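Coordinate analysis (summary)
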Amino acid sequence: MPRRRWGIAWLLGLGVLVNYFDRVNLSVSHAALYTAFGISNITFGYLSGAYNWTYAMCQLPVGVLLDRLGVRRVGRISTLLWSVASFAAAMTPNIRGFFAARLVLGVGEAPTFPANAKAIGLWFPSRERSLATAIFDAAAKFASAIGIPVIGVLLLKFGWRWSFAITGLVSLLYFALFSKIYRDPDDDPALSDIERQYILEDAHLLPHAEPAKASLGYLLRQRKVLGLAIGFGSYNYVFYLLLTWLPSYLSAALHIDLLHSFLYTSVPWLFATFTDLAAGLGSDALIQRGWDASRVRKTVLVSGTTFGLGILGAAHAHTASQALLWISLSIGGLSAAAPIGWSIPSVIAPRGSVGTVGGIVNLSNQISGIAAPIITGYVVAATKSYAWAFGIAAIYLFLGISSYIFLLGRIEQVEPEPSR
């Protein structure tokens, strides 16, 4: 069986790896930006969330655009834009310019996850989507695992402006690669007839069927969509708390020097990369052996998010080893749930509306991405501790678990919108 579809999955994963280099660059640069612009913890919290403001605002329109214009056209524009934003951050003369660059970065990277969810729905039958999704979702964790120490060394040797310029160059190279390779299955000359028929065996991808698109308003009223959005939002709150504040937490709360805080930060993210891929591979294996697909996915979602409550242990850790153990348990569990969460829009959405459902889910994610660094900044500034910051994250996780259980329900396609 030809493997063109897996090449597409790895291409999407590489894109996530590159755009998360842009995101972690800021957390690595915290101390350098303090020196350059004299920012406080509260200002850093707002700066960390600035990217998510425009990212969140773009989610609903991006979902609609993806369903109308397709993954390739939207993806090329967005990739070029996020490259420009990284170069702009490197050259900015003041903190206002830096804020502006982060806002542009949010616009550029906004389509990434909804586009990837839609692409996986097009390229893979449902029984393979968990692993295919895990490839690009695990890249977000692996980017932190290798990006933070590598960018940290670049920053310490050459300065923060060069670290942003280099990530801009890498992004530009990915733009060229994506433009050359990515096509939808119907347009890809490298896709063999055998593999095309294999992809189309899935019931959701019958050829020549008219897509049953649903309106944005209808989808926002569906319990399954809301349950997935709230649950996934709780995951992203913890994810962005750790993405933006973990090096500072290890350095300030546990008195670890800056270089070692960069190196130690890679430990939980490496573990998260492993659990992300393992969950995707294991879920697909069980589904292909005949296990109930909804039950498998629901179990991983709920149990993985429950392990996320390990963040409470880090609230009272007194050594680096204790903190890394609890944080690894937390982000590892959440990362196991993440690829399952990203595979669900293509399962529950009416055909033709996967991009819109992905946009709704990612809007919830980015509201969390905005809130997490800002709330953490205020809490740390007020209490001089991370305990309450981690406690707030745990409360949100309880809400997310409840949403998966009581709102999402059985993981299956929502009813088509009634025709008028």
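Residues numbered from 1 in each chain as written. Predicted model: local features only at pLDDT ≥ 70, side-chain atom pairs only at ≥ 80, totals over all residues. Heavy atoms only, no water.

The subject of this paragraph is the overall build of the protein. Tallying secondary structure elements over the protein gives 18 helices and zero strands in all. Taking 2.2 N^0.38 as the reference for a compact globule, 420 residues should give roughly 22 Å; the C-alpha atoms of the protein span a radius of gyration of 20 Å, in line with that estimate. Overall, the protein is about 60 × 45 × 40 Å in size when its C-alpha atoms are taken along their principal axes. Counting across all 420 residues of the protein, residues that qualify as buried make up 59%. (Helix = DSSP H or I, 4+ residues; strand = E, 2+ residues; numbered from the N terminus. Rg over C-alpha atoms; globule rule 2.2 N^0.38 Å. Buried < 20%, exposed > 50% of the residue type's maximum accessible area, 1.4 Å probe, protein only.)

Not every positive phi belongs to a glycine, and Lys 384 is a case in point at roughly 60°. Turning to its location among the elements, Lys 384 is positioned in the loop between α17 (354–383) and α18 (387–408). In this structure Lys 384 comes out as exposed when scored by relative accessible area, which is 70%.

This paragraph deals with helix α8 (residues 160–181). In an α-helix, one turn spans 3.6 residues; hence positions three or four apart end up facing the same way. In this model α8 runs 32 Å from its N-terminal to its C-terminal C-alpha over 22 residues, within 8% of the 32 Å that 1.5 Å per residue would give. The complete set of buried residues in α8 reads Trp 160, Ser 163, Phe 164, Ala 165, Thr 167, Gly 168, Ser 171, Tyr 174, Phe 178 and Ser 179. Summarising the contacts, the buried residues of α8 are in contact with α1 (4–28), α2 (30–37), α4 (71–91), α5 (95–109) and α7 (129–158). (Expected span 1.5 Å × (residues − 1). Contact = heavy atoms within 4.5 Å.)

A few words now on helix α9 (residues 193–200). For α9, the set of buried residues is Glu 195, Tyr 198 and Ile 199. Along the axis of α9, the buried positions cluster into a sector of 100°, meaning they face one direction only. Looking at the buried side of α9, the elements it contacts are α1 and α6 (112–123). (Arc of directions from axis to C-beta.)

Enumeration according to the criterion identifies 26 aromatic pairs in this entry. Judged by centre distance (5.2 Å) and plane angle (45°), the ring pair of Tyr 51 and Tyr 55 falls under tilted. Taken together, the residues span about one helical turn, with Tyr 51 and Tyr 55 both in helix α3 (residues 41–69) at a distance of four residues. Its relative accessible area of 1% is what places Tyr 51 among the buried residues. Each ring, one from Tyr 237 and one from Tyr 396, has its centre 5.7 Å from the other, and the planes form 70°; the classification is edge-to-face. (Phe/Tyr/Trp six-rings, centres within 6.5 Å; stacked < 30°, edge-to-face > 60°.)

The subject of this paragraph is the environment of Arg 3. In this structure, Arg 3 sits in the segment before α1. Separated by 192 residues in the primary sequence, Arg 3 and Glu 195 have C-alpha atoms spaced 7.5 Å apart.

This next bit is on the side chain of Ser 266. Examined against the element boundaries, Ser 266 turns out to sit in helix α12 (residues 258–288). The contacts of Ser 266, once residues within four sequence positions are left out, are Ala 145 and Pro 149.

The geometry of α3 relative to helix α11 (residues 223–252) is characterised by a closest axis approach of 11 Å and an angle of 130° between their N-to-C directions. In terms of orientation, α3 lies oblique with respect to α11. Judged by the twist between their axes, the crossing of α3 over α11 is right-handed. In this structure, α3 contributes Asn 41, Phe 44, Gly 45, Ser 48, Tyr 51 and Asn 52 to the contact, and α11 contributes Tyr 240, Thr 244 and Trp 245. A per-class count over the contact of α3 with α11 returns four nonpolar, five polar and no charged. (Axes fitted to C-alpha atoms, helices over the stretch in contact; angles between N-to-C directions. Parallel < 35°, antiparallel > 145°, perpendicular 65-115°, else oblique. Left-handed = near helix turned anticlockwise from the far one by under 90°. Nonpolar A, V, L, I, M, F, W, Y, C, P; charged D, E, K, R; others polar.)

Scanning the model with the defined rule gives eight salt bridges in all. Two residues, Asp 188 and Arg 4, come together in a salt bridge whose shortest N-O distance is 3.0 Å. Of this pair, Asp 188 sits in the loop between α8 and α9 while Arg 4 is found in helix α1, placing the two residues 184 residues apart along the sequence. Note that Lys 118 and Asp 67 form a salt bridge whose closest N and O atoms lie 3.0 Å from each other. Placement of the pair is Lys 118 in helix α6 and Asp 67 in helix α3, with a sequence separation of 51 residues. When its relative accessible area of 14% is taken as the criterion, Lys 118 is described as buried. Linked by salt bridges that have partners in common, Arg 5, Glu 128 and Glu 195 make up one network. (Salt bridge = Lys/Arg side-chain N within 4 Å of Asp/Glu carboxyl O.)

Take Asp 188: its relative accessible area is 3%, and that puts it in the buried class. In this structure the side chain of Asp 188 is engaged in a polar contact, spanning 2.8 Å, whose partner is the backbone nitrogen of Ala 190. Once residues within four sequence positions are removed from consideration, Asp 188 is found in contact with Arg 4, Trp 123, Arg 183 and Arg 196. (Polar contact = N/O pair within 3.5 Å; in protein donor to acceptor, adjacent residues only side chain to side chain.)

All right, on to the environment of Arg 161 then. With respect to the helices, strands and loops of the structure, Arg 161 is situated in helix α8. Look at Arg 161 and you get partly exposed, because its relative accessible area is 33%. Put simply, Arg 161 and Phe 87 are 74 residues apart on the chain and 8.9 Å apart in space, counted from C-alpha to C-alpha. Polar contacts involving the side chain of Arg 161 include one to the main-chain carbonyl oxygen of Thr 92, which spans 2.6 Å.

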